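Chain by chain, the residues run as shown.
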Amino acid sequence: MDADARREPWRETTDRRKEDEARMNIVVCVKYVPDAQSERTFQESDNTVDRAVDGLLSELDEYAVEEALKIVEAAGEGEVTVVTVGPGAAADALKKALQMGADKGVHVQDEALHGSDAVATSLVLAKAVEKATDGSPELVLTGMSSTDGVMGVVPAMLAERLGLPQVTYASELTVGDGKVTIRRDGDTASETIEASLPALVSVTDQINEPRYPSFKGIMAAKKKPVEAWSLADLGVDAGDVGLDAAWTAVVSFAKRPPREQGQLVTDEGDGGTKLAEFLSAQKFL
Amino acid sequence: MAEVLVLADHAGGRLRKATAELLTLARRLGEPSAVHVGPGADTAQKTYAKYGAHKVYVVDDADAGSYLVAPQAEVLAQLIEKVSPAAVLIPSNAAGKEIAARLAIKSGSGLITDAVDVRAGDDGAPETTQSVFAGSYTVTAKVTTGTPIICVKPNSAAIEASPEAGAVESVDVTISDAAKAAKITDAQPKKATGRPELTEAAIVVSGGRGTGGDFSPVEEFADSLGAAVGASRAAVDAGWYPHSNQVGQTGKQVSPQLYVAAGISGAIQHRAGMQTSKTIVAVNKDEEAPIFELVDFGVVGDLFSVLPQATAEVKKRKG
Ligand SMILES: Cc1cc2nc3c(=O)[nH]c(=O)nc-3n(C[C@H](O)[C@H](O)[C@H](O)COP(=O)(O)OP(=O)(O)OC[C@H]3O[C@@H](n4cnc5c(N)ncnc54)[C@H](O)[C@@H]3O)c2cc1C
Ligand SMILES: Cc1cc2nc3c(=O)[nH]c(=O)nc-3n(C[C@H](O)[C@H](O)[C@H](O)COP(=O)(O)OP(=O)(O)OC[C@H]3O[C@@H](n4cnc5c(N)ncnc54)[C@H](O)[C@@H]3O)c2cc1C
């Protein structure tokens, strides 16, 4: 209830419809990723990536969490649910989002998920979003891409699976009157894109400045509910996910020899000329 | 020989270079067919034929341009049903990857994105190369289920002409209302710079925080080389250059023949957008800057003196 409604209780009934619209339940998909600064490797045993490195909430998903919080704060009502599909340590990603201010978390975790590709991940996420919203999501937010797989495909796959309009790469987002409107910074134009709710929106790192969890937020997060769901809870057949069921396969991988240190010259008044000489020798001129 | 569908990347029939690259690569896997969604197919047909398209499927849906990726995914899904292609090749840019993503779900197929090479493997099925973890690993992968859907990064292949008929076949596909759920209601065109497009350019010259906001030495050097201009996120965040020119994880991924970084430190997120460039050059005041770990040639110096001198020398040599 907003302040006006509290002062004038009758408004509650007359403005019921409007309030229902303002009350947004938002699901944000957040991925737990290895720290970008850590050394990444593959596992020899099954060609999957080595996850035994420190991880965190994918930085680009912080923008989606922030945007969801802003929408709910502006509406004065609503709830933000953060969903992750990942190993036990992925609880850290949820924790960070809850500390920022999300209301509750959903952690889909199952041994069978190891080695899942994007198609399988999107299946599990779609089921989790459906379950978290009793089958009728209103607004689903995602990052523009993860910082590890960096495919940038899960949002479109989710939209396809959930049958939602897909409004991606938002650098501005407004929600209201039953629709979402975004601005997208395209290659040749700045575009305005519209879709009616329910919808899926992915956001870029241009959209806002994610907040740091406050001390209060950190304390409050400890009491926030986190549901743990297995594949069985979602009605997903374990045989449809994981490495063996993946529709793509890594045949082999090889560590690139480090780039050979190139030629370095210190400018002593002729640096530009030397640069041009290099380009000329390499036939760029 | 099986067909290989290539989704054309075009604006009103004006093709982007990636399309010719994909047609060139598709020949390794089968007979290329171009898929042209939207107007302008008659203009583009010659190019499709020149680069080896046996057929050109045309879906001239005037609406297609006003909607996001969903219509293209529906077109491709219906074509997969119809012609059972050996693979579908799509440019690995933001829109291409989303089209591929939806197509993968619709057609029950595996998806590989950001490939830098595609070829026929031992069993004849497509095999890809990806460069991952900031370029530290090279991965060979394949699609094991459905129709291989492969997104290939622009600038990954040298284009080669190999004329074929390019027979136009107009296809009737139904684009569902659901695919039209997200609509572009306004587009404010950006000012044309006359420079090549960032992801297609053979040479890219980028500026970072070290420019202090003055991009003129970067632009002048770029123009002397006929290059596109890029920027680091620090420069974009400061409002010095448009976001559409940002190179990196959250900007454009470029793979030019030559990449020049001026006043850019070489953060991992910046590298993610340029590490597959063939030749890398940097100008930076700080000899410890991480960008120098990547370079083929580096100048430790002030970009405000090095770039103008290089520009003058390039102009002189080019005559
Ligand atoms: C180097 C590398 C290369 C890979 N190549 C391929 C490939 O070619 N084909 C393939 O099918 N798979 C590939 N994978 C696996 C794939 O990355 C993962 O399966 C992943 O779940 C989906 O892709 P992404 O991380 O790139 O997500 P993106 O599509 O980049 O993610 C976008 C957004 O989706 C949401 N999201 C994504 N994953 C989750 C999650 N687990 N939980 C909650 N939200 C999520 C987040 O909001 C995120 O910001 C690769 C993985 C790596 C590490
Ligand atoms: C989630 C996320 C996504 C990101 N995505 C991107 C991205 O897509 N692209 C990107 O670029 N960054 C990205 N970043 C930011 C990245 O981490 C760096 O902060 C950014 O790349 C730094 O830009 P810079 O190199 O221009 O600035 P700095 O790191 O400040 O480097 C400036 C350099 O200029 C040099 N210099 C200064 N003056 C001169 C002079 N007169 N002549 C020569 N050299 C000079 C300095 O020695 C220094 O090395 C991302 C970060 C995050 C967290």
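Here we summarise the structure given alongside this text. Note that the structure is a prediction, hence the values are computed from the model and not measured. (Residues numbered from 1 in each chain as written. Chains lettered and ligands numbered in written order. Predicted model: local features only at pLDDT ≥ 70, side-chain atom pairs only at ≥ 80, totals over all residues. Heavy atoms only, no water.)

### Thoughts on the pairing of strand β4 (residues 31-37) of chain B
Regular strands have side chains that alternate between both faces of the sheet.
All names here are of chain B.
Logical step 1: Taking burial as the measure, the seven residues of β4 include six buried ones, the bulk of the element.
Logical step 2: For strand β1 (residues 3-7) and β4, the ladder comprises five bridges, and the chain directions are parallel. The residue of β4 that forms the bridge with Leu5 is Ser33.
Logical step 3: Alignment of β4 against strand β5 (residues 55-59), held across five bridges, turns out to be parallel. Along β5, the bridge assignment pairs Val35 with Tyr57.
Logical step 4: Each parallel crossover has a hand, and for β4 linked through helix α2 (residues 41-50) to β5 it is right-handed. (Buried < 20%, exposed > 50% of the residue type's maximum accessible area, 1.4 Å probe, protein only. Helix = DSSP H or I, 4+ residues; strand = E, 2+ residues; numbered from the N terminus. Pairing = 2+ DSSP bridges. Right-handed = clockwise from strand over helix to strand, strands pointing away.)

### Focus: the interface of chain A and chain B
Logical step 1: The partner chain B presents 83 residues to the 77 residues of chain A that form the contact.
Logical step 2: For the pair chain A and chain B, the summed buried area comes to about 6800 Å², and 57% of that belongs to carbon and sulfur atoms.
Logical step 3: Remark: the boundary between chain A and chain B carries five salt bridges.
Logical step 4: A salt bridge links A:Asp185 to B:Lys190, with the nearest nitrogen and oxygen atoms 2.5 Å apart.
Logical step 5: Our enumeration of links across chain A and chain B arrives at 35 residue pairs in polar contact (both at pLDDT 80 or more). (Contact = heavy atoms within 4.5 Å. Buried area = accessible area lost by both parts, 1.4 Å probe. Salt bridge = Lys/Arg side-chain N within 4 Å of Asp/Glu carboxyl O. Polar contact = N/O pair within 3.5 Å; in protein donor to acceptor, adjacent residues only side chain to side chain.)

### Focus: the site of ligand 2
Logical step 1: Near ligand 2 lie 27 residues; those nearest to it are B:Arg209, B:Ser232, B:Ser265, B:Gln269 and B:Asn284.
Logical step 2: Lying at an intersection of chains, ligand 2 is approached by residues of chains A and B.
Logical step 3: Residue B:Ser265 places a side-chain N or O atom 2.6 Å away from an oxygen atom belonging to ligand 2.
Logical step 4: A distance of 3.1 Å separates a nitrogen atom of ligand 2 from a polar side-chain atom of B:Asp302.
Logical step 5: Within the complex, the protein chains bury 83% of what would otherwise be the 990 Å² of accessible surface of ligand 2.
Logical step 6: Only α4 (59-75) of chain A together with α6 (233-237), α7 (268-271) and α8 (303-318) of chain B provide two or more residues apiece to the shell around ligand 2.
Logical step 7: Classifying every residue of the shell around ligand 2 by side-chain character gives seven nonpolar, 14 polar and six charged. (Near = heavy atom within 4 Å. Areas by Shrake-Rupley, 256 points an atom, 1.4 Å probe, with all protein chains shown as cover. Nonpolar A, V, L, I, M, F, W, Y, C, P; charged D, E, K, R; others polar.)

### Regarding the sheet that holds strand β7 (residues 166-170) of chain A
Residues and elements named next belong to chain A.
Logical step 1: Spatial strand order, β7-β11-β6-β1-β4-β5-β12: seven strands in an open sheet with parallel pairing. Every other strand in the sheet has two partners, leaving β7 and β12 (226-229) as the edge strands with one partner each. Between one strand axis and the next, the sheet turns by 20 degrees as a mean value, whatever way the strands run.
Logical step 2: Across six bridges, the pairing between strand β1 (residues 24-29) and strand β4 (residues 78-85) is parallel. Bridge assignment links Ile26 to a residue of β4, and that residue is Val80.
Logical step 3: Relative to the sheet, helix α6 (residues 118-132) contacts β1, β4, β5 (104-108), β6 (139-143) and β12, its axis offset from that of β4 by approximately 150 degrees.
Logical step 4: Along the sheet face, helix α7 (residues 154-162) touches β1, β6, β7 and β11 (199-203) and points at about 175 degrees away from the line of β11. (Axes fitted to C-alpha atoms, helices over the stretch in contact; angles between N-to-C directions.)

### As for the pattern of salt bridges
Side chains that carry opposite charge are capable of pairing whenever their charged atoms lie near each other.
Residues and elements named next belong to chain A.
Logical step 1: If you walk through the whole model with that rule in mind, you get 30 salt bridges over all chains.
Logical step 2: For the salt bridge of Lys104 with Glu79, the shortest nitrogen-to-oxygen distance reads 3.5 Å. One end of the pair, Lys104, is in strand β5; the other, Glu79, is in strand β4, and 25 residues separate them in sequence.
Logical step 3: Judged by relative accessible area, Glu79 falls into the partly exposed class, the value being 27%.

### Re the site of ligand 1
Logical step 1: Near ligand 1 lie 32 residues; those nearest to it are A:Cys29, A:Lys31, A:Asp61, A:Val154 and B:Leu111.
Logical step 2: Mapping the residues adjacent to ligand 1 onto the chains of the assembly identifies chains A and B.
Logical step 3: One of the side-chain nitrogen or oxygen atoms of A:Thr121 is found 2.9 Å away from an oxygen atom of ligand 1.
Logical step 4: Backbone polar atom of A:Gly152 to an oxygen atom of ligand 1: 2.8 Å apart, as the coordinates give it.
Logical step 5: Computed on the free molecule, ligand 1 has an accessible area of 930 Å², of which 92% lies beneath the protein chains in the complex.
Logical step 6: Residue composition of the shell around ligand 1, grouped by class: 16 nonpolar, twelve polar and four charged.

### A short note on the sheet that holds strand β17 (residues 297-300) of chain B
Logical step 1: Sheet architecture is open: six strands sit in the order β14(A)-β17(B)-β16(B)-β15(B)-β13(B)-β14(B), paired in parallel fashion. With one partner strand each, in any of the chains shown, β14 (263-266) of chain A together with β14 (228-231) of chain B form the two edges of the open sheet. Each strand axis lies, on average, 15 degrees off the axis of its neighbour in the sheet, ignoring direction.
Logical step 2: Direction of pairing for strand β16 (residues 279-284) of chain B relative to β17(B): parallel, over a ladder of four bridges. Each bridged residue has a counterpart across the sheet, and for B:Val281 the counterpart in β17(B) is B:Phe297.
Logical step 3: The strands touched by α8(B) within the sheet are β15 (258-262), β16 and β17 of chain B, with β16(B) carrying the most contacts at an inclination of about 130 degrees.

None of this, on its own, says anything about what the molecule does.
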